[in-house]
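Results of the structural survey
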Amino acid sequence: MALVPCQVLRVAILLSYCSILCNYKAIEMPSHKTYGGSWKFLTFIDLVIQAVFFGICVLTDLSSLLTRGNGNQEQERQLKKLISLRDWMLAVLAFPVGVFVVAVFWIIYAYDREMIYPKLLDNFIPGWLNHGMHTTVLPFILIEMRTSHHAYPSRNSGLAAICTFSVGYILWVCWVHHVTGMWVYPFLEHIGPGARIIFFGSTTILMNFLYLLGEVLNSYIWDTQRTGFQWSLGHCSTTSKRRWPEDQEREKSSVDS
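If you're wondering where the values come from, they're calculated on a predicted model, not measured in any experiment.

Regarding its fold elements, the protein presents 8 helices and 0 strands. What you see in the protein, going N to C, is helices and strands ordered as α-α-α-α-α-α-α-α. Taking all 257 residues of the protein together, 44% fall into the buried category. In the protein, the share of contacts with a sequence separation of at least 24, taken over all contacts with a separation of at least 6, comes to 77%. Of the roughly 13300 Å² that the protein leaves accessible, carbon and sulfur atoms contribute 69%.

Listed below in structure tokens is the structure:
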């Protein structure tokens, strides 16, 4: 019974991201018509990441409901792969990129909004859409992390993946500047080459920190709940552990394979 609200919540979040993306793409902004279009903005890339991630979450929920109890080993193996993909996306992309976009945007906005979100954009982007892109991402991803246990990849592979994403986006921003002569974000126009290098290096380090933060937070949430459940039995037993729904799916798939 506890799974039903989570499934409905994921569907609602997915629909909200689809609505935000559709409304954003419908806006006639000059920057959307220049080289790179919307794809040169990390905010838009993050929205796509979040929508794909929650789409995979919904697909995982549906697959879990359809395969439960039918004994089809091939379907259970496919479900296991889907769960692994879902967990990998949260760990490597959805959490660190989502938190990065929210934190960096609002910090720079509070310092000087003209550096990242000029007042001119208020004529194109309504306030609710701005918060949909730069605020609700954080509570949505925290809700998902709180409602479902996610298995993180090995730390080395996870950090390598987020570094690859960070460096790839930095190179993409530099390429857009090379082609157009304009930086994607206005504040990059006002700092020197050395400061840009420091900024890009700092953002990569911050992405790695946010990956580790997500790993620690995920571990804290679920290890604490497991420990609390064991203590509630009256004995701190290491042999009596609560089996979470995702763990059951993984264990069942592992046995069948």
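What follows deals with the nonpolar core. Core analysis: the largest hydrophobic core is formed by 65 residues, its most contacted members being Val97 and Phe165. Elements with a minimum of two residues in this core: α1 (3-26), α2 (42-67), α3 (73-112), α4 (127-134), α5 (137-147), α6 (155-180) and α7 (193-232). Excluding residues within four positions of it along the chain, Phe165 makes contact with Leu42, Ile45, Ile49, Leu93, Val97 and Met207.

Take the packing of aromatic side chains next. Each aromatic ring pair is characterised by the separation of its centres together with the angle its planes make. All chains considered together, the criterion is met by 17 aromatic pairs. Both rings, one in Tyr109 and one in Tyr117, keep their centres 6.2 Å apart while their planes meet at 50°; by these two values the pair is tilted. Residue Tyr109 is classed as partly exposed on the basis of its relative accessible area of 24%. What links up through ring pairs into an aromatic cluster is the set Phe41, Trp183, Tyr185, Phe187, Phe199 and Phe200.

Bringing the UniProt feature "transmembrane region" (unreviewed entry) in the protein into the picture now. Sequence positions flagged by UniProt for "transmembrane region" (unreviewed entry) are, in local numbering, residues 42-67, 88-108, 128-147, 159-185 and 197-217. End-to-end, the C-alpha atoms of residues 128-147 are 26 Å apart, and along that stretch the chain is 90% helix and 0% strand. Helix makes up 81% of residues 159-185 and strand 0%, whereas the separation of the span's terminal C-alpha atoms amounts to 26 Å.

Attention now moves to the state of the cysteines. Counted under the stated rule, the structure contains 0 disulfides. Summary of cysteine pairing: Cys18 is not part of a disulfide, and the nearest cysteine sulfur, belonging to Cys22, is at 6.5 Å.

Taken together, the side chains of Tyr35, Trp175 and Val179 present a nonpolar region at the surface, about 280 Å² in accessible area. The exposure class assigned to Trp175 is partly exposed, which follows from its relative accessible area of 42%.

Let us look at the pattern of salt bridges. Here the structure, examined in full by the defined rule, presents 6 salt bridges. With a closest N to O distance of 2.8 Å, Asp61 and Arg10 form a salt bridge. A residue pair is termed long-range when its members are at least 10 positions apart, and Asp61 in helix α2 and Arg10 in helix α1 qualify at 51 residues. Judged by its relative accessible area of 11%, Asp61 falls in the buried class. Under the relative-accessibility criterion, Arg10 is labelled buried at 4%. Salt-bridge contacts for Glu144 lead to Arg10; the nearest nitrogen and oxygen are separated by 2.8 Å. Within this pair, whereas Glu144 is found in helix α5, its partner Arg10 is found in helix α1, the two being separated by 134 residues in sequence.

Next up on the list: the environment of Cys163. Following the sequence through the fold, Cys163 ends up in helix α6. Spatially, the C-alpha atom of Cys163 lies 7.5 Å from that of Met207, the residues being 44 residues apart in sequence. In this structure Cys163 touches Thr204 and Asn208, once residues within four positions along its chain are discounted.

Cut-offs used in this document
Residues numbered from 1 in each chain as written. Predicted model: local features only at pLDDT ≥ 70, side-chain atom pairs only at ≥ 80, totals over all residues. Heavy atoms only, no water. Helix = DSSP H or I, 4+ residues; strand = E, 2+ residues; numbered from the N terminus. Buried < 20%, exposed > 50% of the residue type's maximum accessible area, 1.4 Å probe, protein only. Contact = heavy atoms within 4.5 Å. Areas by Shrake-Rupley, 256 points an atom, 1.4 Å probe, with all protein chains shown as cover. Core = buried A, V, L, I, M, F, W, Y, C linked by side-chain atoms within 4.5 Å. Phe/Tyr/Trp six-rings, centres within 6.5 Å; stacked < 30°, edge-to-face > 60°. UniProt positions renumbered as here; feature names shortened; annotations may be inferred. Disulfide = S-S within 2.5 Å. Patch = residues over 30% accessible without salt bridge, like charges linked within 9 Å, V, L, I, M, F, W, Y side chains within 5 Å. Salt bridge = Lys/Arg side-chain N within 4 Å of Asp/Glu carboxyl O.

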